[in-house]
Amino acid sequence: MIFVQDVAEIRGYVAPEKAVPIFVRALKEHQFHADCKIIDVGAGTGLVAWQLQKFKYLNVDALDCSSDMLRMAQKHNLYKNYIQAELRPGSKLNIKTGSYDCAISVGMFTIAHVKGEGSMDEMARVVKPRGLVCFTIREDALIQEEVYGYERKMKELCENGTWKLLSVSKEIYHEKFDNAKCFVYLYHIM
């Protein structure tokens, strides 16, 4: 897959390789079978789906704001459905509440992308109760709380009973380029 090699070779982008096994381990621990319905939020060209396929998780939909990225993923037949939509504060996705068993997002919570407000709310909303939400947040974006509000939103969703933190771990994001790190968060929807 050329699109995987380009990103990996140029930047050493390994976040999907680090986050997906954590997500899959949680899926198995919580008895989600390989046919569970997953949404990949900020799917891009499909790097997460490509990793999920290695573990036989194939019932995955893509959500991304870029039609070009989704077209690239579509060429590789990585997802069941392709949804073009933007996550913004105050906006709601055109997806029914509780449509998915689980959600994953790798590479979306970073510099110059989405804010916590709206995006985390919608990820939690589209996942069924007792489902899982897994996402990465780049370390350099997490410390810019006044800009992105990631910690504030995660705390709010815990306090209002939307989700419960299961785990957080620090992982490599880029092996080359800037040697960036990220945190992989795993939440249980209440």
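This structure is a prediction, so every number in the text was calculated from the model and none was measured.

A. Inspection of the side chain of threonine 136 at higher detail. For threonine 136, the position within the fold is in strand S5 (residues 127-138). Judged by its relative accessible area of 1%, threonine 136 is buried. Here the side chain of threonine 136 touches glycine 107 through a polar contact of 3.0 Å, landing on its backbone nitrogen.

B. Inspection of the packing of aromatic side chains at higher detail. Counted according to the given criterion, the structure contains eleven aromatic pairs. Ring centres 5.2 Å apart and planes at 75° place the aromatic pair tyrosine 13 and tyrosine 173 in the edge-to-face group. Of this pair, tyrosine 13 sits in the loop between helix H1 (2-11) and helix H2 (15-29) while tyrosine 173 sits in the loop between strand S6 (163-172) and strand S7 (181-189), and the two are 160 residues apart along the sequence. Each ring, one from phenylalanine 109 and one from tyrosine 150, has its centre 5.3 Å from the other, and the planes form 85°; the classification is edge-to-face. With a gap of 41 residues between them, phenylalanine 109 in strand S4 (residues 100-109) and tyrosine 150 in helix H8 (residues 150-159) connect regions that are remote in the sequence. As far as burial versus exposure is concerned, phenylalanine 109 and tyrosine 150 are alike and both buried. Pairwise contacts between aromatic rings join Phe109, Phe135, Tyr148, Tyr150, Trp163, Phe183, Tyr185 and Tyr187 into one cluster.

So, how was this worked out
- Residues numbered from 1 in each chain as written.
- Predicted model: local features only at pLDDT ≥ 70, side-chain atom pairs only at ≥ 80, totals over all residues.
- Heavy atoms only, no water.
- Helix = DSSP H or I, 4+ residues; strand = E, 2+ residues; numbered from the N terminus.
- Buried < 20%, exposed > 50% of the residue type's maximum accessible area, 1.4 Å probe, protein only.
- Polar contact = N/O pair within 3.5 Å; in protein donor to acceptor, adjacent residues only side chain to side chain.
- Phe/Tyr/Trp six-rings, centres within 6.5 Å; stacked < 30°, edge-to-face > 60°.

These values are about where atoms sit, not about what they do.
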